[in-house]
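Single-letter residue listing:
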Amino acid sequence: EWRTGLWDCSGGGIILNPSVTNPHAEGQYSFGVSHSCPGGWGAFGFDRRNSDWTVIGTMYPNEYHVLGLSFNPGNDTAAANNLNVMLDNGSDPRPLRDFIPSLQPNQWHTVRIPIAEINSSGEPFFRLYFFNMGSGSPVYYLDNIYLEHSPDIVPPVISGLVVDSISSDGAVIRGNTDE
């Protein structure tokens, strides 16, 4: 399950309206996000967790290949140009504008972000952020958000097998895999 989260700042915050009826790319609703932190900053994100936030749903780089979404920058494309996409695993943030060739105000843009391009650490993750790296206060809309899943069909490479102990009813074997 996906949950939304806000990374607020003091003296302002992020306003999320999960049921914006206009604009929307498809269906009846979109997420409306408004950054109002003084001097910029703040983030909006999606966490993969259960309903009471106690269980994290880890996503592995070999399973998810593309983050897709529809993005509308509202009327201030300069502020929207300072949005970065990032994961919770220590990877470097990437400007969202790297994935939108020509950002036009008040228009929906279909965005496909290869996970490998925002996952510089190559580590598993459970959170996707849209982080404001500028001093402006972007107001934008998100719709049709999805991760493309591909089953992992490549078997792991097993190496360094060591038998720790052997008994009449079993054995303890240690080893390494590339996953």
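Residues numbered from 1 in each chain as written. Predicted model: local features only at pLDDT ≥ 70, side-chain atom pairs only at ≥ 80, totals over all residues. Heavy atoms only, no water.

Asker: Give a description of the overall build of the protein chain that names residues and reports values.
Answerer: Summing up its helical and strand segments, the protein chain has two helices and twelve strands in all. In sequence order, the secondary structure elements of the protein chain are arranged as β-β-β-β-β-α-β-β-β-α-β-β-β-β. The buried share among the 179 residues of the protein chain stands at 37%. Within the protein chain, counting contacts between residues at least 6 apart in sequence, those at least 24 apart form 70% of the total. In the form shown here, the protein chain has an accessible surface area of approximately 9800 Å², with 51% of it arising from carbon and sulfur atoms. (Helix = DSSP H or I, 4+ residues; strand = E, 2+ residues; numbered from the N terminus. Buried < 20%, exposed > 50% of the residue type's maximum accessible area, 1.4 Å probe, protein only. Contact = heavy atoms within 4.5 Å. Areas by Shrake-Rupley, 256 points an atom, 1.4 Å probe, with all protein chains shown as cover.)

Asker: Describe in detail the layout of surface pockets, supporting the description with residues and values.
Answerer: In this structure, the largest pocket occupies an estimated 220 Å³ of space. In terms of lining, the largest pocket is formed by Tyr60, Pro61, Asn62, Gly122, Glu123, Pro124, Asp152, Val154, Pro155, Pro156, Asp178 and Glu179. Class assignment for the residues of the lining of the largest pocket results in six nonpolar, two polar and four charged. (1 Å grid on protein atoms, 1.4 Å probe; cavity = no way out; pocket = protein on both sides within 12 Å on 5 of 7 lines; lining within 4 Å. Points joined across faces, edges and corners; volume = space filled by probe spheres on them. Nonpolar A, V, L, I, M, F, W, Y, C, P; charged D, E, K, R; others polar.)

Asker: Go over the pattern of salt bridges with me, naming the residues and quoting the values.
Answerer: Applying the stated criterion across every chain, the model contains six salt bridges. A salt bridge links Arg112 to Glu148, with the nearest nitrogen and oxygen atoms 2.4 Å apart. Residue Arg112 is located in strand E8 (residues 109-114), and its partner Glu148 is located in strand E10 (residues 139-149); the two are separated by 36 residues in the primary sequence. Since its relative accessible area comes to 45%, Arg112 is described here as partly exposed. Connected through shared salt-bridge partners, Asp47, Arg49 and Arg127 make up one network. (Salt bridge = Lys/Arg side-chain N within 4 Å of Asp/Glu carboxyl O.)

Asker: Could you give me a rundown of the side chain of Asp143, with the residues and numbers involved?
Answerer: As for its placement among the helices and strands, Asp143 is situated in strand E10. Here Asp143 is buried and forms no salt bridge, its nearest opposite-charge partner Arg112 lying at an N-O distance of 15 Å. When sequence neighbours within four positions are dropped, the list of residues in contact with Asp143 reads His24, Ala25, Glu26, Tyr29, Ser30, Leu69, Ser70 and Trp108. (Lys, Arg positive; Asp, Glu negative; His and termini not counted.)

Asker: So, the pairing of strand E5 (residues 64-72): which residues are in play, and what are the values?
Answerer: Of all nine residues that make up E5, eight are buried, and the element is covered over most of its length. For E5 and E10, the ladder comprises seven bridges, and the chain directions are antiparallel. In the strand pairing of E10, Asn72 is matched with Tyr141. With six bridges joining them, E5 and E8 adopt antiparallel strand pairing. Bridging from a neighbouring strand, Leu69 pairs with Val111 of E8. (Pairing = 2+ DSSP bridges.)

Asker: Outline unusual backbone geometry, supporting the account with residue identities and numerical values.
Answerer: In the Ramachandran plot, Asn106 falls in the positive-phi region, its phi being about 55° despite a non-glycine side chain. Residue placement: Asn106 occurs in the loop between strand E7 (94-95) and E8. One non-glycine residue with positive phi stands out, namely Asn144, at about 50°. Along the polypeptide, Asn144 turns up in strand E10. Since its relative accessible area comes to 28%, Asn144 is described here as partly exposed.

Read these as geometric descriptors, not functional statements.
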